[in-house]
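Next come the chains, spelled out residue by residue.
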Amino acid sequence: ISCVHTENCFVPTSDIIAVEETEFNKKQHNIGKWQKMAKPHAFTVYYVKKARNHRWRCSDVTFWCVDEHLCNQWIQALKELLEMQKSRPKQLLVYINPYGGRRQGKRIYEQKVAPLFSLASISTDVVITEHANHAKDNLFEVNINKYDGVVCVGGDGMFSEVMHGLIGRMQKDSGIDQNNPKAPLVQCNIRIGIIPAGSTDCICYSTVGIIDPVTSALHIIVGDCQPLDVSSVHHNNTFLKYSVSLLGYGFYGDILKDSEKKRWMGPMRYDYSGFKTFLSHHYYEGTISFQPARHTLGSPRDKDSCRTGCYICKKSEQQLAEQHKECGLKREEDEEEWKVIKGKFLAINAVNMSCACPRSPKGLSPAAHLADGSADLILVRKCSRFDFLRYLVRHTNQDDQFDFSFVDVYRVKSFQFTSKLSEDNESNVTDIGKKRFGQFCRDHPACCCNSANSTWNCDGETLDSSAIEVRVHCQLMKLFARGIEENCKGEAAYSQSSIEQLL
Ligand SMILES: CCCCCCCCCCCCC/C=C/[C@@H](O)[C@H](COP(=O)(O)O)NC(C)=O
Ligand SMILES: Nc1ncnc2c1ncn2[C@@H]1O[C@H](COP(=O)(O)OP(=O)(O)O)[C@@H](O)[C@H]1O
Ligand SMILES: [Ca+2]
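Residues numbered from 1 in each chain as written. Chains lettered and ligands numbered in written order. Predicted model: local features only at pLDDT ≥ 70, side-chain atom pairs only at ≥ 80, totals over all residues. Heavy atoms only, no water.

As named in an unreviewed UniProt entry, the protein is Ceramide kinase, taken from Accipiter nisus.

This is the structure:
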């Protein structure tokens, strides 16, 4: 048996995508000495080739031999090896949002992803969504046990929809009431794969390290598994949403609200609305109370970030397993301390993961962990436009974005927020003068005062209520990903970001 490559080729079995008998009358036909063979036999091994910046590609190597029997034995042996990789999916349910991002979801899936799935002998049921919530509603009806995973082709909003379908379905099947903020939620063991085809794609970028449909498809094929923290968001004992990336009030809420009207602009809408929101410089008054995450080892100011096989996330996983064993014993959580902070904020961001994306390669909280059971709560107090710009620019370079007197960051396991406006409305409902004044200010956008509420941006969707109660559920779901792998070849840690090019 011999391989046409001149260099040695080492492939771990976990990186093999498929093994096939090589078809002839292809380009290999006239390679060197094999040309003279009467009836050559060969098989091709398709495998994952790791390129720069976390990019994966499908590569192949062909082995030739004279003996047909020997050739078949090799194919058989390698196929058996692949069969032994139990974490690999065989049957997937795929949802495609044809309107996400640059509206390329369908094309990306058909041209780049479907051929790889078929090469890896994965069968798929594909649903092209016809309206928002199509995928979510569908997930409550399908025979979910048939599938080894669900794939969503789209952006963060589409992922959020599929996640709500899956988590919601799990709770319904287990008789758990999502409206109870204290209910212990049932973990969701069906993995979700994200094929990025949206506008921000922050969940894909933060869990894989690159926005690339082929790379994401290969992580699905090799059966990767990355647990993920999920926050539940409630208002007055009513369930609102789950969040895995950003819960943002003020700046990011206002950007989202403005950009929804400009969907036709595609991903550009965030730059346009971002600039507009930056100029409007609104701040909002309110009270935030939170329970610090004492169980985790890390802190938001750590220099090291969450990487493949993260030690801090593993520790949280062990704690979670112990908690499950001890269930029935009283939970201490409710007795733990709450910290209360009142103030005027330009932005309140709670992130379950770094929220790295091409716009901000290290993210809103570079040291946040994917699966440690905590969120980083970032409070940006009222400051000058210039200072706020300095803060924003630090999301795009190597400088520490928390090193400002007007920025505080806490690692938390739960928090609550109420705006001053809703507090006032609750205490003296008939203060008409105040309301009139509020109306006046809303009509004059040049005014920076806290006359109106902002809205919460929950993974790219707006919430209806400004008063919310949030709880982090450690490792509630799993992705076909492995977290960001450590750089090995001395690559530059971050590529030059778009904002630096702009400035
Ligand atoms: C004036 C200088 C501005 C520089 C700002 C650089 C920081 C950018 C950080 C972005 C953080 C993104 C967090 C992810 C949010 C997504 O869930 C959400 C929805 O994404 P989708 O449209 O579904 O892909 N996108 C936005 C912008 O709210
Ligand atoms: N066929 C459809 N028509 C309209 N909206 C849809 C459709 N399918 C999904 N959606 C919704 O579109 C929203 C945005 O999708 P997403 O894929 O995240 O794109 P983007 O990143 O551009 O915002 C999601 O909240 C999802 O619920
Ligand atoms: Ca986390």
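Draft legend 1. Here's a closer look at the coordination of the calcium ion (ligand 3). Taken together, Asp229 (OD), Asn352 (O), His369 (O), Asp372 (OD) and Ser374 (O) make up the full set of protein donors to the calcium ion (ligand 3), lying 2.3 to 2.7 Å away. Each donor residue of the calcium ion (ligand 3) lies on the same chain, and together they follow the pattern D-x122-N-x16-H-x2-D-x1-S. Taking the relative accessible area as the measure of exposure, histidine 369 reaches 4% and is therefore buried. (Donors = N, O, S within 2.8 Å, 3.2 Å for Na, K, Ca; no water. Buried < 20%, exposed > 50% of the residue type's maximum accessible area, 1.4 Å probe, protein only.)

Draft legend 2. Highlighting the packing of helix α2 (residues 105-119) against helix α6 (residues 213-221). With their axes 10 Å apart at the nearest point, α2 and α6 run at an angle of 30° to one another. Classified by the angle between their axes, α2 and α6 sit roughly parallel to one another. The two elements α2 and α6 cross, and the hand of that crossing is right-handed. Contacts between α2 and α6 involve Ile108, Lys112, Val113, Leu116 and Phe117 on the former and, on the latter, Pro213, Val214, Ala217, Leu218, Ile220 and Ile221. Grouping the constituent residues of the contact of α2 with α6 by class yields 10 nonpolar, no polar and 1 charged. (Axes fitted to C-alpha atoms, helices over the stretch in contact; angles between N-to-C directions. Helix = DSSP H or I, 4+ residues; strand = E, 2+ residues; numbered from the N terminus. Parallel < 35°, antiparallel > 145°, perpendicular 65-115°, else oblique. Left-handed = near helix turned anticlockwise from the far one by under 90°. Contact = heavy atoms within 4.5 Å. Nonpolar A, V, L, I, M, F, W, Y, C, P; charged D, E, K, R; others polar.)

Draft legend 3. Molecular detail of the domain arrangement of the protein. According to the domain assignment, the protein contains domain 1 (2-83), domain 2 (88-224) and domain 3 (236-324 + 336-473). The straight-line distance from the C-alpha centre of domain 1 to that of domain 2 is 32 Å. Contacts between domain 1 and domain 2 engage 17 residues on the former and 16 residues on the latter. Summing both sides of the interface, domain 1 and domain 2 together bury roughly 1200 Å²; the carbon and sulfur share of this comes to 63%. Of all residues in domain 1, the largest losses of buried area upon contact with domain 2 belong to Ile17, His54 and Trp56, amounting jointly to 43% of the total for that side. Taken together, the connections running from domain 1 to domain 2 amount to 3 salt bridges. Taking the shortest distance from any N to any O, the salt bridge between arginine 57 and aspartate 212 comes out at 3.0 Å. Where domain 1 touches domain 2, the interface holds 5 residue pairs in polar contact (both at pLDDT 80 or more). (Domains from an automatic or database assignment. Buried area = accessible area lost by both parts, 1.4 Å probe. Salt bridge = Lys/Arg side-chain N within 4 Å of Asp/Glu carboxyl O. Polar contact = N/O pair within 3.5 Å; in protein donor to acceptor, adjacent residues only side chain to side chain.)

Draft legend 4. Seen up close, the packing of aromatic side chains. Following the criterion strictly, the structure yields 16 aromatic pairs and no others. With 6.2 Å between their ring centres and 65° between their planes, tyrosine 109 and phenylalanine 117 make a pair best called edge-to-face. Grouping residues by exposure puts tyrosine 109 and phenylalanine 117 together as buried. Summarising the aromatic geometry, the rings of phenylalanine 415 and tryptophan 456 are spaced 6.2 Å apart at their centres and angled 45° between planes, so their arrangement reads as tilted. Note that phenylalanine 415 is positioned in strand β15 (residues 407-419) and tryptophan 456 in the loop between α12 (432-442) and β16 (457-458), a separation of 41 residues in sequence. With respect to burial, phenylalanine 415 and tryptophan 456 carry one shared label: buried. Through pairs of rings, three or more aromatic residues link up here, namely Phe251, Tyr252, Phe278, Phe388, Tyr391, Phe404 and Phe406. The side chain of arginine 269 reaches across the aromatic face of tyrosine 270, ending 4.5 Å from its centre. (Phe/Tyr/Trp six-rings, centres within 6.5 Å; stacked < 30°, edge-to-face > 60°. Lys NZ or Arg CZ within 6 Å of the ring centre and 35° of its normal.)

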